[in-house]
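Examination of the molecular architecture
Below, each chain spelled out in residue letters.
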Amino acid sequence: MRGQKERRKLQKSRSAPVQTLPESQEEEQQGETDTILSAAALCVGVGSFADPDDLPGLAHFLEHMVFMGSLKYPDENGFDAFLKKHGGSDNASTDCERTVFQFDVQRKYFKEALDRWAQFFIHPLMIRDAIDREVEAVDSEYQLARPSDANRKEMLFGSLARPGHPMGKFFWGNAETLKHEPKRNDIDTHGRLREFWLHYYSAHYMTLVVQSKETLDTLEKWVTEIFSNIPNNGLPKPNFGHLTDPFDTPAFNKLYRVVPIRKVHALTITWALPPQQQHYRVKPLHYISWLVGHEGKGSILSFLRKKCWALALFGGNGETGFEQNSTYSVFSISITLTDEGYEHFNEVAHTVFQYLKMLQQLGPDKRIFEEIQKIEDNEFHYQEQTDPVEYVENMCENMQLYPLQDFLTGDQLLFEYKPEVITDALSQLTPQKANLVLLSAANEGKCDLREKWFGTHYSIEDIEKTWADLWNSDFELNPDLHLPAENKYIATDFALKPFDCPETEYPVKIVDTAQGCLWYKKDNKFKIPKAYIRFHLISPLIQRSASNVVLFDIFVNILTHNLAEPAYEADVAQLEYKLVAGEHGLIVRVKGFNHKLPLLFQLIIDYLADFDSTPAVFGMITEQLKKTYFNILIKPETLAKDVRLLILEYSRWSMIDKYQALLQGFTMEALLSFVKEFKSQLFVEGLVQGNFTSKESTDFLKYVVDKLDFKPLENEIPVQFRVVELPGAHHLCKVKALNKGDANSEVTVYYQSGARSLKEYTLMELLVMHMEEPCFDFLRTKQTLGYHVYPTCRNTSGILGFSVTVGTQATKFNSEIVDKKIEEFLSSFEERMENLTEDAFHTQVIALIKLKECEDTHLGEEVDRNWNEVATQQYLFDRLAHEIQALKSFSKVDLVNWFKSHRGNGSKIVSVHVVGYGKYETEDEGSAACDSSNSSYDEVAQLTYLPPSPLLADSTVPITDIRAFTSTLRLLPYHKIVK
């Protein structure tokens, strides 16, 4: 896959917007985004490269600190509280040479929000007391980042830079670099923060973008009025452009073996090139990555897949500040290997070098350049509106990078074909200049070096002599590798189709048979030549046993693998498809320009109908699935969700169940007989939206029914689980985290409400919205328990509840202390609710109504909402209108009583703790997180329950065996929140 533009930065996660979505079908995405809010973003042309040597992470820390109150608005959490009250959110991120701040809010409050926000750049308070607390948030962010292999690899890569080059700096910062070390060395962090702010937060290299429905004149007037007081010190902007060739060192062209946290084998081949930003009109790396990352016939990945050596390949430059800055540009090719591929990693590298040598010999190809150009032009011309806050964030960075006339297009379009620029970049991609990093758990025990900040174990060796000699010679090309053929999926017909049935506001069921039904809505709002097709192939077979769920996963993964090559051309022509192994059926999603979309849909259904596998592919995919399950289980947040849903949803197969079944092994015969049975009896439900007529839409369902030729289901099957009714007590389920030595813990306290009406669901949403800002303020800002803290409105298979979650570290807090603090917060919140003014209540109601009233920014948002109704078989397409109606009827008393009814004696509460490793937990195992040897496959195959300590022993009932606990409970009837 070619490298997509994806700027990974150090994020400051502020209050996440309202969380609402079904679970399993569990709705819990953070936030409703269907609003046209007003938004602003400001980019300061300075980042972590400017960190002083004696205070690593200072730029990132300052990005946190400027938000903590200003002279004009001194309240520490004031800005967040203001945004929350008016349906908005904010965030910020620090990159190597840029720092970006952004927020969105209801239009009515945009001017006031701009004024409050601008004060952070005019006169931030940065008081000493706040510094000590906010260091903990930065430290928690670092602790959360530590178990990520992507971050570890990036940190290790930076450490290869020449001594003194900013690429080698520790950008994250943590308690050690920003608090303890400075204390020991008599460094005044507070003074240095102010100094950094005065020196670098200067108006003359800030760029600002505001987007709102006011007139341009009004916006210009506001900006002039509000932002003119940002100080300009006239000092030259820091420039690192003279520090070229950061990786021109002997340490670079070696083989690095690395021990990852996850179970994975991967080979990354990297070249450090001169900065490529000035060639943005040609985008040479985009052209090269398009070819290197191709997955069709003649490509690197196609060859490696046939050998069963590789599963995926990403190539290119991600355009983060780390990968492209004023000192260099990276070009990397990252290949996910199979066990077999790991054994042949040199041959894999050789294949890559052969392909690059072929490109160098052939030279740039104008046809291919123009094909890429056409695809990017089509995408730009018919692009859908993006979320305003994302758009302004992107634009304010573009203003730092491109001349005025290219602000809007500089990062997307290919403007001119200059073969010499492409040739120049290509000529540097030789084996002699490459760095090889081989990630594998099999490296454990062979790696005696440790990266300073993330503790990554690695070793350095020279490239094996036989291979080095071969790569230094004029080696032969591989006859199986060649350039891609012309792409037949590029759309050329962009006409909007006429209506062939009455216009409707919501989807209408246009086919209804025993085998399936189809919902349809012709787009009459966005008027673009694109469409969305979604199908749910429902089967009762999947949930019959843990083994079936695993066989279904294997089936969907092999089907995806089989499609990868034939469907790749459609993929690059902006036709996207995804196959999802749902809990109750196979979900097929296809979207893009409608002209060639039917071709792609038919291709997928053909491969489904004629499904087959070879033993080699079967072995490779099951091996990979074992790694996937393992990697899910070792993350505290995903394990916590798995445990919570295992308690609540009866007859659900947990990830542990699936993992245990997979470890016992499966045969290919078992898979093929499962697939045969799966395809023999189904109920198929579809939704088609966009630029198709109703006649064309019925053809999609007809194609599925004819091609698969299945019998209808004997009984309707509910696409949800039965949920247990929790007893009226506070239960505690404590389990040990499965990633040995990882300090991160996750604590979720869940309150069950029950089978409720739509009105009550909306009341719960309102309650959670009221809770968000005080929750963040108390648990993160004041108590510094962790970086991620949030309340969530939970709809678990139709059963309502709410929860509060805190991600913390066992090196700082015991999980039971955190649980107590959550209770302390809820008690103080109860008091706060009692004292809520009518005015504050009303403001929050309006904010939630405005969120629900706001129009969709693009067709995909409308489709997602409608598809959720179809996939959960609720069909309440005008849900938002009902919720708005409900909101208008609530009084403050309703809200207070609703909250109180969930508290006190008889409350149905379950706390789920996934307990990390560190000195505040019973076992002082791996108090230096992530440093002991990693967990083995068998070690994560079962849960280890922990008893409560005296702290919670009296106030909670322990759960030490989930199945035994739930088998005694009453099951609630199936329920849908539709009335």
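Per chain, the residues get numbers from 1 upward, laid out in the order the sequence is written. Thresholds applied to this predicted model are a pLDDT of at least 70 for local features of residues and 80 or more for the giving and counting of side-chain atom pairs; totals over whole chains, interfaces and linings are not thresholded and use all residues. In computing side-chain properties, one takes all heavy atoms of the structure into account and sets aside hydrogens as well as water.

Turning our attention to the overall build of the protein chain. Check the secondary structure of the protein chain and you find 31 helices and 25 strands. We compute the radius of gyration from the C-alpha atoms alone; for a globule the expected value is 2.2 Å times N to the 0.38, where N is the number of residues. The C-alpha radius of gyration of the protein chain comes to 28 Å, within 12% of the 30 Å expected for a compact globule of 979 residues. If you line up the protein chain on its principal axes, its C-alpha atoms span 80 × 75 × 65 Å. Within the span of the protein chain, comprising 979 residues, buried residues form 63% of the whole. By definition in these notes, contact holds between two residues if any of their heavy atoms fall within 4.5 Å. For the protein chain, the proportion of contacts with a sequence separation of at least 24, taken over those separated by at least 6, is 85%. Here the accessible surface of atoms and residues is derived via Shrake-Rupley with a 1.4 Å probe, and residues count as covered only by protein chains that are part of the display. As displayed, the protein chain offers around 36,700 Å² of accessible surface, 52% of which is attributable to carbon and sulfur atoms. The averaged location of the 138 negative side-chain charges in the protein chain is 2 Å from the averaged location of its 104 positive side-chain charges. Elements are defined by DSSP. Helices are runs of H or I of four residues or more, strands are runs of E of two residues or more, and each kind is numbered from the N terminus. Throughout this description, buried means an accessible area under 20% of the type-specific maximum (1.4 Å probe, protein chains only), exposed means over 50%, and partly exposed covers the range between. A residue counts as positive if it is Lys or Arg and as negative if it is Asp or Glu; His and the chain ends are not included. Where a charge sits is defined by one atom per residue type, namely NZ (Lys), CZ (Arg), CG (Asp) or CD (Glu).

Paired strands, in this sense, are two strands between which DSSP finds at least two bridges. A sheet is described by the order of its strands in space; here 7 strands give the open sequence β9-β10-β8-β11-β7-β13-β12, paired in mixed fashion. The strands lining the two open edges of the sheet, one partner per strand, are β9 (310–316) and β12 (449–450). For strand β7 (residues 255–258) and strand β13 (residues 457–461), the ladder comprises 4 bridges, and the chain directions are antiparallel. Its bridge partner being in β13, R257 is matched across the sheet by S459.

As a further point, take the UniProt feature "domain: Peptidase M16 C-terminal" (unreviewed entry) in the protein chain. UniProt positions are given in the numbering used here, feature names are shortened, and annotations may be inferred rather than shown by experiment. UniProt's feature table lists "domain: Peptidase M16 C-terminal" (unreviewed entry) at residues 190–374 and 666–844, given in the numbering used throughout. Each end of residues 666–844 is marked by a C-alpha atom, and these two atoms are 54 Å apart; helix forms 45% of the span and strand 26%.

Spatial strand order, β14-β15-β19-β16-β18-β17: 6 strands in an open sheet with mixed pairing. Since the sheet does not close on itself, it has two edges, and those belong to β14 (508–512) and β17 (576–581), each with one partner. For this sheet the average axis-to-axis angle between neighbouring strands, irrespective of direction, equals 15°. As judged from the 8 bridges shared by strand β16 (residues 530–538) and strand β19 (residues 683–690), these two strands associate in the antiparallel manner. Note on β19: the bridge partner recorded for R534 is L687. Convention adopted: a line fitted to C-alpha atoms gives each axis, helices being fitted over their contacting stretch, and angles between N-to-C directions are expressed from 0 to 180 degrees. Running at roughly 160° to β19, helix α27 (residues 859–871) makes contact with β15 (516–522), β16, β18 (585–593) and β19 of the sheet.

Running from N to C, helix α24 (residues 758–782) and helix α25 (residues 815–834) point in directions that differ by 125°, and their axes come no closer than 10 Å. One finds that α24 runs oblique with respect to α25. The way α24 lies across α25 gives a crossing that is right-handed. Of α25, the residues touching α24 (which contributes L767, H770, M771, E773, P774, C775, F778 and L779) are K821, I822, E824, F825, L826, F829, R832 and M833. Here the nonpolar group is Ala, Val, Leu, Ile, Met, Phe, Trp, Tyr, Cys and Pro; Asp, Glu, Lys and Arg are the charged ones; every other residue, Gly included, is treated as polar. Partitioned by chemical class, the residues of the contact of α24 with α25 number 11 nonpolar, 1 polar and 4 charged. Oblique is the label for every angle not falling under 35 degrees (roughly parallel), over 145 degrees (roughly antiparallel), or within 65 to 115 degrees (roughly perpendicular). Crossing handedness: left-handed means the near helix sits turned counterclockwise from the far one by under a right angle, and right-handed means the same turn made clockwise.

Let us now look at the domain arrangement of the protein chain. If you check the domain split of the protein chain, you get domain 1 (38–228), domain 2 (508–712) and domain 3 (723–837 + 907–972). Domain segmentation is taken from an automatic or database assignment of domains. Distance between the C-alpha centres of domain 1 and domain 2: 42 Å.

Counting through the fold element by element, S697 comes out in helix α23 (residues 694–708). When residues no more than four places from it in sequence are discounted, the contact partners of S697 are I510, L518, Y520, V688 and F692.

A separate point is the pattern of salt bridges. Should a side-chain nitrogen of Lys or Arg be within 4 Å of a carboxyl oxygen of Asp or Glu, the pair is scored as a salt bridge. Going through the model one piece at a time under the given rule, you end up with 63 salt bridges. Between R184 and E176 there is a salt bridge, with the nearest N and O atoms lying 2.4 Å from each other. In this structure R184 comes out as exposed when scored by relative accessible area, which is 54%. Sharing partners across several salt bridges, the network here consists of E136, D139, K179 and K812.

Further remarks concern the packing of aromatic side chains. Any aromatic ring pair is given by two values, namely how distant the centres are and how the planes are angled relative to each other. For Phe, Tyr and Trp, where Trp contributes only its six-membered ring, two rings pair if their centres lie within 6.5 Å, and the inter-plane angle classes them as stacked under 30 degrees, edge-to-face over 60, or tilted in between. Taken as a whole and assessed by the stated rule, the structure comprises 55 aromatic pairs. Ring pairing ties together the aromatic residues F67, F79, F101, F103, F110, W117, F120, F121, Y201, W222 and F227, which thus form one cluster. A cation over an aromatic ring shows up here: R281 above the ring of F415, its NZ or CZ 4.3 Å from the ring centre. Taking the ring centre of F499 as reference, the NZ or CZ of K522 above it sits at 5.0 Å. Placement of a positive charge over a ring is assigned whenever Lys NZ or Arg CZ falls within 6 Å of the ring centre and within 35 degrees of the normal to the ring plane.

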